[in-house]
Amino acid sequence: EQYRAMYLSIFYTLILQVNPFHVGILLLITKIWDAVNDPIIGAIVDSRKATKGGKFIPWIRAFSFPMAVLCILGFVNVGNINYVLYEALYPCVSVPFGTLSSVMTDDVSQRTALSRYRSLGGTIFMTVMVMIGPLFLYVDNKPVAGRFLMLACICAMLGLLCLQITCVWCKEWKCPSVRRAKS
């Protein structure tokens, strides 16, 4: 998400030559929709009963694959519908992922630590992207289209790997049906 957030508008305007006004309108509309979509996805996820795999992990597992593909496709000239679809589906991963710590432990200090490490990981990745991204994406102060796609592939695969590891390593202990299954 952070790579897309930092570099997609640059890719649209400098590589695809889309009018910056149109890019801004696209970003504005999707962010307004995001304010509506996040609570809807949250309600859908929350209304589902926990399975043997948990309540939130199955969502992360299922939607991390299409999110990786859509992240990559964002840096191919396939039109603005890809961006809209990515933004519409992103909460299917981000909402369950953000809620995961609340079902991993009852201990408030452990929840705080989990949230802190989640934020720290995002901050470290974003810092690396801000520092290294331009060095890789530009040659002689000019953006190189193929490099945007290559870095999108790397980031999407790293994100997919991290989310899949999360699905394997994290356990939802607070979900009643998961507790019964473990007993």
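Located above this text is the structure these notes cover.
**Q** Tell me about the overall build of the protein, and name the residues and values.
**A** Helix and strand counts for the protein come out as 8 helices and 2 strands. Listed N to C, the secondary structure of the protein is α-α-α-α-α-α-β-β-α-α in terms of helices and strands. Viewed in the frame of its principal axes, the protein has a C-alpha envelope of about 60 × 30 × 25 Å. For the protein, the residues scored as buried account for 33% of the 183 residues in total. For the protein, long-range pairs separated by at least 24 residues make up 76% of all intrachain contacts whose partners lie at least 6 apart in sequence. Per element, the accessible surface of the protein, about 10500 Å² overall, is 69% carbon and sulfur. Of the charged side chains in the protein, 17 are positive and 9 negative, and the gap between their average positions amounts to 8 Å.

**Q** Give a description of the side chain of Thr166 that names residues and reports values.
**A** Relative to the helices and strands, Thr166 resides in helix H7 (residues 145-169). Since its relative accessible area comes to 15%, Thr166 is described here as buried. Those residues in contact with Thr166 that lie beyond four places of it in its chain are Phe97 and Leu100.

**Q** Would you mind going over the pattern of salt bridges in detail, with residue names and values included?
**A** Inspection of every chain in the model, using the stated rule, returns 2 salt bridges. Salt-bridge contacts for Glu87 lead to Lys31; the nearest nitrogen and oxygen are separated by 3.3 Å. You can see Glu87 sitting in helix H4 (residues 81-89) and its partner Lys31 sitting in helix H2 (residues 20-47), a full 56 residues away along the chain. A salt bridge links Asp46 to Lys55, with the nearest nitrogen and oxygen atoms 3.4 Å apart. The class of Asp46 is partly exposed, set by a relative accessible area of 48%.

**Q** Before we move on, could you go through the packing of aromatic side chains and cite the residues and values that matter?
**A** Scanning the entire structure with this criterion turns up 9 aromatic pairs. Arranged with centres 4.9 Å apart and planes meeting at 40°, the rings of Tyr3 and Phe75 form a pair that is tilted. Here Tyr3, found in helix H1 (residues 2-15), pairs with Phe75, found in the loop between helix H3 (57-73) and H4; they are 72 residues apart in sequence, far enough to count as distant. With respect to burial, Tyr3 and Phe75 carry one shared label: buried. With centroids separated by 5.6 Å and ring planes inclined at 15°, the aromatic side chains of Trp59 and Phe63 adopt a geometry described as stacked. Of this pair, Trp59 and Phe63 both sit in helix H3, 4 residues apart, roughly one helical turn. Trp59 sits in the buried class, given a relative accessible area of 16%. One aromatic cluster is present, built from ring pairs that chain together Tyr3, Tyr7, Phe11, Tyr12, Phe75, Tyr138 and Phe148. The residue whose ring lies beneath Arg4 is Tyr86, and the NZ or CZ to ring-centre distance is 3.7 Å. Positioned over the ring face of Phe136 is Arg147, at 5.4 Å from the centre of the ring.

**Q** So, the state of the cysteines: which residues are in play, and what are the values?
**A** Applying the stated criterion across every chain, the model contains 0 disulfides. The closest cysteine sulfur to the non-disulfide-bonded Cys71 is located on Cys155, 6.8 Å from its own sulfur.

**Q** For H3, give the residues involved together with the corresponding values.
**A** With 17 residues, H3 should reach 24 Å at 1.5 Å per residue; the first-to-last C-alpha distance of 25 Å fits that figure. The inward-facing, buried residues of H3 abut H1, H2, H4, helix H5 (91-104) and H7.

**Q** Go over a nonpolar patch on the surface with me, naming the residues and quoting the values.
**A** Among the surface-exposed residues, Tyr117, Leu120, Ile124, Met126, Val128, Val130, Met131 and Ile132 lie close enough to one another that they form a single nonpolar patch of about 770 Å² accessible area. The topology assignment puts Ile132 in helix H6 (residues 108-137). The exposure class assigned to Ile132 is partly exposed, which follows from its relative accessible area of 47%.

Calculation rules
Residues numbered from 1 in each chain as written. Predicted model: local features only at pLDDT ≥ 70, side-chain atom pairs only at ≥ 80, totals over all residues. Heavy atoms only, no water. Helix = DSSP H or I, 4+ residues; strand = E, 2+ residues; numbered from the N terminus. Buried < 20%, exposed > 50% of the residue type's maximum accessible area, 1.4 Å probe, protein only. Contact = heavy atoms within 4.5 Å. Areas by Shrake-Rupley, 256 points an atom, 1.4 Å probe, with all protein chains shown as cover. Lys, Arg positive; Asp, Glu negative; His and termini not counted. Charge placed at Lys NZ, Arg CZ, Asp CG, Glu CD. Salt bridge = Lys/Arg side-chain N within 4 Å of Asp/Glu carboxyl O. Phe/Tyr/Trp six-rings, centres within 6.5 Å; stacked < 30°, edge-to-face > 60°. Lys NZ or Arg CZ within 6 Å of the ring centre and 35° of its normal. Disulfide = S-S within 2.5 Å. Expected span 1.5 Å × (residues − 1). Patch = residues over 30% accessible without salt bridge, like charges linked within 9 Å, V, L, I, M, F, W, Y side chains within 5 Å.

Interpretation in functional terms is not warranted from these geometric data alone.
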